Amino acid sequence: MYQGTDCALMCSASDPSSYLSNDGSYLETFESNYKTEFGFTLSGRDVVVDDVRVRGVGKSEINFKDEDYGRLKEQQEKEIQIYFAGGYHKSKLVELKTLKLGSHITGPAIVLDENSTILLEPGSSAEMTSSGLEITIEESSSKALTTDLDPIQLSIFSHRFMSTAEQMGRVLQRTSISVNIKERLDFSCAMFDSAGGLVANAPHIPVHLGAMQ
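First, a word on what this report is: a plain description of the structure on this page. Since the model is a prediction, treat every value here as computed from it, not as a measurement. (Residues numbered from 1 in each chain as written. Predicted model: local features only at pLDDT ≥ 70, side-chain atom pairs only at ≥ 80, totals over all residues. Heavy atoms only, no water.)

1. Comments concerning the overall build of the chain
Inference 1: Scanning the chain from terminus to terminus reveals 3 helices and 9 strands.
Inference 2: A total of 213 residues make up the chain; the buried ones form 22% of that total.
Inference 3: Sequence-distant contacts, at least 24 apart, represent 35% of the contacts inside the chain between residues at least 6 apart.
Inference 4: In the structure as shown, the chain presents an accessible area of about 15,800 Å², 52% of it carried by carbon and sulfur atoms. (Helix = DSSP H or I, 4+ residues; strand = E, 2+ residues; numbered from the N terminus. Buried < 20%, exposed > 50% of the residue type's maximum accessible area, 1.4 Å probe, protein only. Contact = heavy atoms within 4.5 Å. Areas by Shrake-Rupley, 256 points an atom, 1.4 Å probe, with all protein chains shown as cover.)

2. Brief notes about the sheet that holds strand S5 (residues 117–120)
Inference 1: Taken together, the 4 strands give an open sheet; going across it, the order is S1-S2-S4-S5, and neighbouring strands pair in mixed fashion. Only two strands of the sheet have a single neighbouring strand rather than two, namely strand S1 (78–84) and S5. Ignoring strand direction, the axes of neighbouring strands in this sheet form an average angle of 30°. (Pairing = 2+ DSSP bridges. Axes fitted to C-alpha atoms, helices over the stretch in contact; angles between N-to-C directions.)

3. A look at the nonpolar core
Inference 1: Counting residues in hydrophobic clusters, the biggest one holds 9 residues: Val-94, Leu-99, Leu-101, Ile-105, Ala-109, Val-111, Leu-120, Ala-126 and Met-128.
Inference 2: Of all elements in the fold, only strand S4 (109–112) and strand S6 (125–129) reach the threshold of two or more residues within this core.
Inference 3: Apart from the residues within four sequence positions on either side, Met-128 is in contact with Leu-96, Leu-99, Lys-100, Leu-101, Gly-102, Ser-103 and Leu-133.
Inference 4: If you look at the next biggest cluster of nonpolar residues, it comprises 6 residues, including Tyr-2, Phe-30, Tyr-34 and Phe-38. (Core = buried A, V, L, I, M, F, W, Y, C linked by side-chain atoms within 4.5 Å.)

4. Details of helix H1 (residues 25–38)
Inference 1: The end-to-end C-alpha separation of H1 is 20 Å, in line with the 20 Å expected for 14 residues at 1.5 Å each.
Inference 2: Residues of H1 that are buried include every one of Ser-25, Thr-29, Phe-30, Tyr-34 and Phe-38, and no others.
Inference 3: Buried residues along H1 sit in contact with helix H2 (151–175).
Inference 4: Immediately downstream of H1, the backbone of Gly-39 shows phi near 90°, a positive value. (Expected span 1.5 Å × (residues − 1).)

5. Considering the sheet that holds strand S7 (residues 132–136)
Inference 1: Strand order across the open sheet formed by 3 strands is S3-S6-S7, with antiparallel pairing between neighbours. Pairing within the sheet leaves two strands with one partner each, and these edge strands are strand S3 (104–106) and S7. Across the sheet, the mean angle separating the axes of adjacent strands is 20° when strand polarity is ignored.
Inference 2: Bridge count between S3 and S6: 3 bridges; the pairing is antiparallel. Across the sheet, residue Thr-106 finds its bridge partner in S6, namely Ser-125.

Here is the structure:
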């Protein structure tokens, strides 16, 4: 992170062959990531190494090949009713631990594991491979957006605009050096339309926005 700021970015060497060298590749990666994150860099400011992390990777010598296993009969333990767009569908309930290499499942279905639940929608499928459960999702045509008032679309875009304004404030707080902005949060962020009308404002100190109306 830059000296005097509290925004730390995790970086790796830009060139994997230069992990043990001192050629500035980490600095290049940091400046590139910082510019991508905030849109600018602080030229002339020292960069401080806050912490160092080491990752170890192990590799097994066992090699499984999918072609060595025939496609097994589709697993089916139980059927339940699940509601999707268009109504209820009979859906298979399968335990992940019962699947063998080559097992194939077509949606709709639910695959149960000890720590997770996988939902296969109608038209999608899954196959157990040596690397895990591989899911294929059917491509669907997206719904065209119109000017008609849709409560769902209105709520989605309202939250998107609000989230954008809130993220503007978080970036301003993280990159600021001023105590008024970083600690007192004495700023405002908002989105306006082409006519200057307020679209969404973040819950900071909205008194500043009065000058924009």
